[in-house]
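Structural characterization, general
Each chain is listed here by its residues.
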Amino acid sequence: MKLAPRDAAVFLARPDLTRSGILIHGPDAERIAQRRRALTLAVVGPNGAEDMRLERLTGADLRSDPAKLSDAMKAQSFFPGPRAVVVEDATDGLAKGIAPVLEDWREGDGFLIFTAGQLTARSALRKLFEGARNALSLAVYSDPPGRAEIEAAIARVDLNPSSDALADLTARGRGMPEGDFAQLLEKLSLYKRGDARPLSVEEIAQLAPQSTDAAVDDLVAAVANGAVPRIGPAMMRLTAQGTNPTTLCIGMTRHFRQLHAAASMGGRPEEALGRLRPPVFGPRRDAMAAQVRAWGTPRLERALTTLTDADLMLRSSSRTPQEAMLERALIRIAMMRPRN
């Protein structure tokens, strides 16, 4: 039976142990590993390995000795509680040996967690789990996680975010690699241990890892805040790091488009920035709101026109030094901002 992605978060948090097991497959090994770890923890708990209620096998183990799987599923632990058998790197060649194990499964046997790479619709392994009456198949795609998945991940680490912090974490969860987001949640959970106050946006900003785009963000802030003296040094740092000028131009354009969208909505800039997709929260929202107020729609349109011209020049066959040309364009834009 197929497990729909929208139902996956609930199943991974509270697995149905009347099922014999599940196949988790897809192209993204990191996301599959995240789901395998979450499901294993939900089945056997944090002490499952110490209690001998967790058996780990590989596809190579089963190819060398097919009986290992049946033995592991029927084994009994000295300690009470459900058991799990995890098999990683499974392939279609194992399907024939797995079929009798699924058919022979009885209540009290181990819960089988299989992981595999990307499988086609004709895959024997996928057909086996999708067609079994008591097993499940979950396809994991590379799409950003949905709100339900992110909230389930937050619940697993026992965080209590404020409404703004929840929105911030949701936006981060959809934009960060899943492993990095899981590490951030773990760090926030440790930080808030013993603190009953809701997690705030400011605390997230303090503990979130510095993005590899941090230097780009510094340059964007210098231009948007009209800090002309900071543009040259920021450009030098980025050039020394080998950052492509086209990448810088794209990042700058994205920021000014957000400012323009917020300015065009009317009303308070903070509320407009919160309605963007993805929304902007925390200290970044406050800084961008101040920029919206300072620039105004007409100047933002002129800035975007200058960025569009620079982007076209960067993509052309012109022999003009790209870094110098972009730096001059950014200085012109920064000087458009009204002086306080």
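Just above, that's the structure.
All figures in this text were calculated on a predicted structure; none of them were measured in a lab.

Moving on: the overall build of the chain. On a plain count of helices and strands, the chain comes out with 16 helices and five strands. The C-alpha atoms of the chain give 26 Å as radius of gyration, which overshoots the globular expectation for 340 residues (20 Å, by more than 25%). Burial status across the chain gives 46% buried among its 340 residues. A separation threshold of at least 6 residues defines the contact pool for the chain, and within that pool the share at least 24 residues apart is 74%. Total accessible area on the chain is roughly 17800 Å²; 52% of this is exposed by carbon and sulfur atoms. Across the chain, the mean location of the 46 positive side-chain charges is 6 Å away from that of the 41 negative side-chain charges.

Let us now look at the packing of helix H2 (residues 29-44) against helix H9 (residues 178-191). Helix-helix packing is described using two parameters, namely the angle between the two axes and the distance between the axes. Remark: H2 packs on H9, axes separated minimally by 9 Å, with the N-to-C direction vectors making an angle of 40°. In terms of axis orientation, H2 runs oblique to H9. Contact residues: H2 offers Glu30, Arg31, Gln34 and Arg35, while H9 offers Glu178, Gly179, Asp180 and Ala182. Classifying every residue of the contact of H2 with H9 by side-chain character gives one nonpolar, two polar and five charged.

A probe as big as a water molecule, rolled over the atoms, marks out the empty space that is left. Inspection of the entire model under this criterion finds one cavity of 30 Å³ or more. The computed volume of the largest cavity comes to approximately 40 Å³. Around the largest cavity, the lining residues are Met313, Leu314, Ser318, Thr320, Pro321, Gln322 and Met325. Contributing elements (two or more residues each) for the lining of the largest cavity: helix H15 (282-315) and helix H16 (322-334).

So, about the packing of helix H13 (residues 245-265) against H16. Two elements in contact, H13 and H16, have axes separated by 10 Å at closest approach and are oriented at 20°. Taken together, the axes of H13 and H16 lie roughly parallel to each other. Every pair of crossing elements has a handedness; the one defined by H13 and H16 is left-handed. Residue-level inspection shows Pro245, Leu248, Cys249, Met252 and Phe256 of H13 in contact with H16, the latter providing Gln322, Glu323, Leu326, Leu330 and Ile333. The residue makeup of the contact of H13 with H16, split by class, is eight nonpolar, one polar and one charged.

Ranked by size, the top nonpolar core spans 39 residues in total, and within it Leu219, Val223, Phe256, Leu330 and Ile333 carry the most contacts. Elements with a contribution of two residues or more to this core: helix H11 (214-224), helix H12 (228-240), H13, helix H14 (269-275), H15 and H16. In contact with Ile333, other than residues within four places in its own chain, are Val223, Phe256, Trp295, Ala303, Thr306 and Leu307. Grouped together as the second largest cluster of nonpolar side chains are 25 residues, Leu69, Ala72, Leu112 and Leu125 included.

The full count for this structure, using the stated rule, is three aromatic pairs. Measuring from ring centre to ring centre gives 6.5 Å for Phe11 and Phe111, while their planes differ by 40°; the resulting arrangement is tilted. Residue Phe11 is found in helix H1 (residues 5-13), and its partner Phe111 is found in strand S4 (residues 111-116); the two are separated by 100 residues along the sequence. Here Phe114 and Phe129 contribute two aromatic rings whose centre-to-centre distance is 5.7 Å and whose plane-to-plane angle is 50°, an arrangement assigned as tilted. Remark: Phe129 occurs in helix H6 (residues 124-131) and Phe114 occurs in strand S4; sequence separation between them is 15 residues. Both residues of the pair, Phe114 and Phe129, belong to the buried class.

Counted under the stated rule, the structure contains 15 salt bridges. Across the pair Glu271 and Arg268 runs a salt bridge whose closest N-O atoms are separated by 3.6 Å. Exposure remark for Arg268: the relative accessible area of 44% places this residue in the partly exposed category. The salt bridge partner of Glu270 is Arg293, with a shortest N-O separation of 2.9 Å. Of this pair, Glu270 sits in helix H14 while Arg293 is found in helix H15, placing the two residues 23 residues apart along the sequence. In this structure Glu270 comes out as buried when scored by relative accessible area, which is 16%.

A few words now on the layout of surface pockets. Taken as a whole, the second largest pocket holds about 660 Å³ of empty space. Considering the residues around the second largest pocket, the lining is formed by 32 residues, among which Gln34, Arg37, Ala38, Arg156 and Ala182 are closest to the centre. Looking at the lining of the second largest pocket, the elements with two or more residues in it are H1, H2, strand S2 (54-58), helix H7 (147-156) and H9. Element by element, the count of residues in the lining of the second largest pocket is highest for H2, at eight residues. Broken down by class, the residue content of the lining of the second largest pocket amounts to 17 nonpolar, seven polar and eight charged.

Reading the values: rules and limits
- Residues numbered from 1 in each chain as written.
- Predicted model: local features only at pLDDT ≥ 70, side-chain atom pairs only at ≥ 80, totals over all residues.
- Heavy atoms only, no water.
- Helix = DSSP H or I, 4+ residues; strand = E, 2+ residues; numbered from the N terminus.
- Rg over C-alpha atoms; globule rule 2.2 N^0.38 Å.
- Buried < 20%, exposed > 50% of the residue type's maximum accessible area, 1.4 Å probe, protein only.
- Contact = heavy atoms within 4.5 Å.
- Areas by Shrake-Rupley, 256 points an atom, 1.4 Å probe, with all protein chains shown as cover.
- Lys, Arg positive; Asp, Glu negative; His and termini not counted.
- Charge placed at Lys NZ, Arg CZ, Asp CG, Glu CD.
- Axes fitted to C-alpha atoms, helices over the stretch in contact; angles between N-to-C directions.
- Parallel < 35°, antiparallel > 145°, perpendicular 65-115°, else oblique.
- Nonpolar A, V, L, I, M, F, W, Y, C, P; charged D, E, K, R; others polar.
- 1 Å grid on protein atoms, 1.4 Å probe; cavity = no way out; pocket = protein on both sides within 12 Å on 5 of 7 lines; lining within 4 Å.
- Points joined across faces, edges and corners; volume = space filled by probe spheres on them.
- Left-handed = near helix turned anticlockwise from the far one by under 90°.
- Core = buried A, V, L, I, M, F, W, Y, C linked by side-chain atoms within 4.5 Å.
- Phe/Tyr/Trp six-rings, centres within 6.5 Å; stacked < 30°, edge-to-face > 60°.
- Salt bridge = Lys/Arg side-chain N within 4 Å of Asp/Glu carboxyl O.

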